[in-house]
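Structural features, examined
Take a look at the letters that make up each chain.
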Amino acid sequence: MLPNAPEPSGRRKMFVCIPGSGLGYVGVSTVTGEAMRFDDAVLNVDGVDTKMADLPLTGSYRHDAVAEDSDEYIVPVQWITAVD
């Protein structure tokens, strides 16, 4: 969980934007669980639990954090709608 961040209570919507892409908002989702550090995140991909850091990601999701509260975090979501 993010330091000093409240635990998810109820359903929270997340509006996703890709800055500088020219696309603007690309999706809307509902948060389904707690935030977790990128390095600790394990996702179920095709029925196999896999560390997110080990997946062949196309974006640049890493930076050198100097403290836990400035590290990369992810949050599980259920997509409501997204741009194809």
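Here the structure is a predicted model, which means the values were calculated and not measured. Just so you know, the residues in each chain are numbered from 1, in the order the chain's sequence is written. In view of the model being predicted, local features appear only for residues whose pLDDT reaches at least 70, and side-chain atom pairs are presented and counted only at 80 or more, with totals across whole chains, interfaces and linings using the full set of residues. Side-chain numbers come from the whole structure's heavy atoms, not from hydrogens or water.

Structural notes on the overall build of the chain
When helices and strands are tallied, the chain shows zero helices and seven strands. A run of H or I in DSSP becomes a helix once it reaches four residues, and a run of E becomes a strand once it reaches two; helices and strands are each numbered from the N terminus. Starting at the N terminus and ending at the C terminus, the chain contains elements arranged as β-β-β-β-β-β-β. A total of 84 residues make up the chain; the buried ones form 18% of that total. A fraction of 55% describes how many contacts in the chain between residues 6 or more apart in sequence connect residues 24 or more apart. Only the protein chains shown count as cover for residues, and all accessible areas are computed by the Shrake-Rupley method using a 1.4 Å probe. Entry remark: accessible area of the chain is about 6,300 Å², with carbon and sulfur atoms responsible for 52%. Note on classification: 1.4 Å probe, protein chains only; a residue is buried when its accessible area is under 20% of the maximum for its type, exposed when over 50%, partly exposed between these limits. Any two residues whose heavy atoms approach within 4.5 Å at even a single point are treated as in contact.

Concerning the confidence of the model for the chain
Note that predicted coordinates carrying low pLDDT should not be read in detail. When the pLDDT values of the chain are averaged, the result is 78; 76% of them are 70 or greater. Within the chain, strand S1 (residues 13-17) has the poorest average pLDDT of any element, 81, and strand S5 (residues 48-51) the best, 94. pLDDT gives the predictor's per-residue confidence on a scale running from 0 to 100.

Some words on the sheet that holds S1
At least two bridges found by DSSP between two strands are what make those strands a pair. Reading across the sheet, the three strands line up as S1-S2-S7 and stay open at both edges, with antiparallel pairing between neighbours. With one partner strand each, in any of the chains shown, S1 and strand S7 (77-82) form the two edges of the open sheet. Within this sheet the neighbouring strands show an average axis-to-axis angle of 30°, counted without direction. Two strands pair when backbone bridges link them, and S1 and strand S2 (residues 25-31) are joined in this way by five bridges, in the antiparallel orientation. Among the inter-strand pairings, Phe15 is bridged to a residue of S2, identified as Val28. Axis definition: a line fit to C-alpha positions, over the contact stretch in the case of helices; interaxial angles, taken between N-to-C directions, run 0 to 180 degrees.

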